[in-house]
Amino acid sequence: MQIMPKFAHKTMIMKIAVPTRDGRVDDHFGHCAYYTIFDVVDGNITGSSKLASPEGCGCKSGIAPVLRQMGVAVMLAGNMGQGAKNVLEAQRIEVIRGCSGDVEELVRSYLAGHVKDNGEVCDHHDCH
């Protein structure tokens, strides 16, 4: 008789950040009102919290290491400059640009595999 090893279920935990204004994705990462941080366990949203935005140039704001320290692994954003993208990626935070709409609906869509980076980079400070 062959004995099969028992494998414990490994819980997948992650945090997703979304630049937010009035419950919707803010069009400009560096000027959002706050970040909504979603707690995700095994592909399901289990909670969320708000993190005040330092508002200003995203690449110089210092938000990337704060988000990483909180455990954020993914940033779902609208428009974002290359500098901010580089700073976030240096903190091992995956950046998905081109997002819009209600933040919770966006995260659910991302978790279902329906959200992809649009590859566009905002190259000026009045990008909308």
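Residues numbered from 1 in each chain as written. Predicted model: local features only at pLDDT ≥ 70, side-chain atom pairs only at ≥ 80, totals over all residues. Heavy atoms only, no water.

### Let's talk about the overall build of the protein chain
What counts, and what does not: Here a helix means four or more residues in a row that DSSP labels H or I, a strand means two or more in a row labelled E, and each is numbered from the N terminus. Three labels apply to residues, based on accessible area from a 1.4 Å probe with only protein chains included: buried if under 20% of the type maximum, exposed if over 50%, partly exposed otherwise in between. Only heavy atoms enter the contact rule, under which two residues are in contact if any of them lie within 4.5 Å.
Within the protein chain, the regular secondary structure consists of 3 helices and 6 strands. The order of helices and strands in the protein chain, counted from the N terminus, is β-β-β-β-α-β-α-β-α. A buried classification covers 38% of the 128 residues belonging to the protein chain. A separation threshold of at least 6 residues defines the contact pool for the protein chain, and within that pool the share at least 24 residues apart is 50%.

### What to know about the pairing of strand E5 (residues 72–76)
Remark: a regular strand shows side chains that alternate across the two faces of the sheet. For the record, the criterion: By the convention used here, strands pair only if DSSP detects at least 2 bridges between them. A clockwise path from the first strand over the helix to the second, with the strands pointing away from the viewer, defines a right-handed crossover.
Taken across its 5 residues, E5 has 4 buried, putting it largely inside the fold. Pairing of E5 with strand E6 (residues 94–96), which is carried by 3 bridges, proceeds in the parallel orientation. Looking across to E6, one finds that Val74 is bridged to Glu94. Handedness of the crossover joining E5 and E6 through helix H2 (residues 82–90): right-handed.

### Considering the confidence of the model for the protein chain
Our working rule: As a per-residue measure, pLDDT reflects the predictor's confidence and takes values from 0 up to 100.
Looking at the protein chain as a whole, its pLDDT mean stands at 85, while 81% of the residues score no less than 70. Between residues 124–128, whose pLDDT stays under 50, and residues either more than four places distant or in other chains, the model counts 8 contacts.

### Quick notes on the packing of aromatic side chains
Inclusion rule: Ring pairs shown here join Phe, Tyr and Trp side chains whose ring centres sit within 6.5 Å, with only the six-membered ring taken for Trp; geometry is labelled stacked below 30 degrees between planes, edge-to-face above 60, and tilted in between. Any Lys NZ or Arg CZ found within 6 Å of a ring centre and within 35 degrees of that ring's normal is scored as a charge over the ring.
Going through the model one piece at a time under the given rule, you end up with 1 aromatic pair. Above the plane of the ring of Tyr34 lies Lys50, whose end atom (NZ or CZ) is 4.6 Å from the centre.

### Some points on the pairing of strand E3 (residues 34–41)
The buried count for E3 comes to 6 of 8 residues, which makes it a mostly enclosed element. Across 8 bridges, the pairing between strand E1 (residues 13–21) and E3 is antiparallel. Looking at the pairing, Met14 lines up with Val40 of E3. As paired strands, E3 and strand E4 (residues 44–52) are joined by 8 bridges and run antiparallel to one another. Among the inter-strand pairings, Tyr35 is bridged to a residue of E4, identified as Leu51.

### Here we look at the environment of Leu111
Its place among the elements puts Leu111 in helix H3 (residues 103–111). Overall, the relative accessible area of 28% leaves Leu111 in the partly exposed class. Distance from Leu111 to Ile45, taken between C-alpha atoms, is 9.0 Å for residues 66 residues apart in sequence. Apart from residues no more than four positions distant in its own chain, Leu111 is found in contact with Ile16, Val40, Gly43 and Ile45.

### Examining the side chain of Lys85
Relative to the helices and strands, Lys85 is located in helix H2. Setting aside chain neighbours within four positions, we find Lys85 in contact with Met80, Val95 and Arg97.

### Observations regarding the nonpolar core
The criterion, for reference: To qualify as a nonpolar core, a set must consist of buried Ala, Val, Leu, Ile, Met, Phe, Trp, Tyr and Cys residues joined through side-chain atoms within 4.5 Å.
Counting residues in each nonpolar core, the largest one holds 17 residues, and the members touching the most others are Phe29, Tyr35, Ile37, Leu67, Met75, Met80 and Leu88. For this core, the secondary-structure elements that each account for two or more residues are E3, helix H1 (63–70), E5 and H2. Looking at this core element by element, the count peaks at 3 residues for H1. If you look at the next biggest cluster of nonpolar residues, it comprises 14 residues, including Phe38, Ile96, Cys99 and Leu106.

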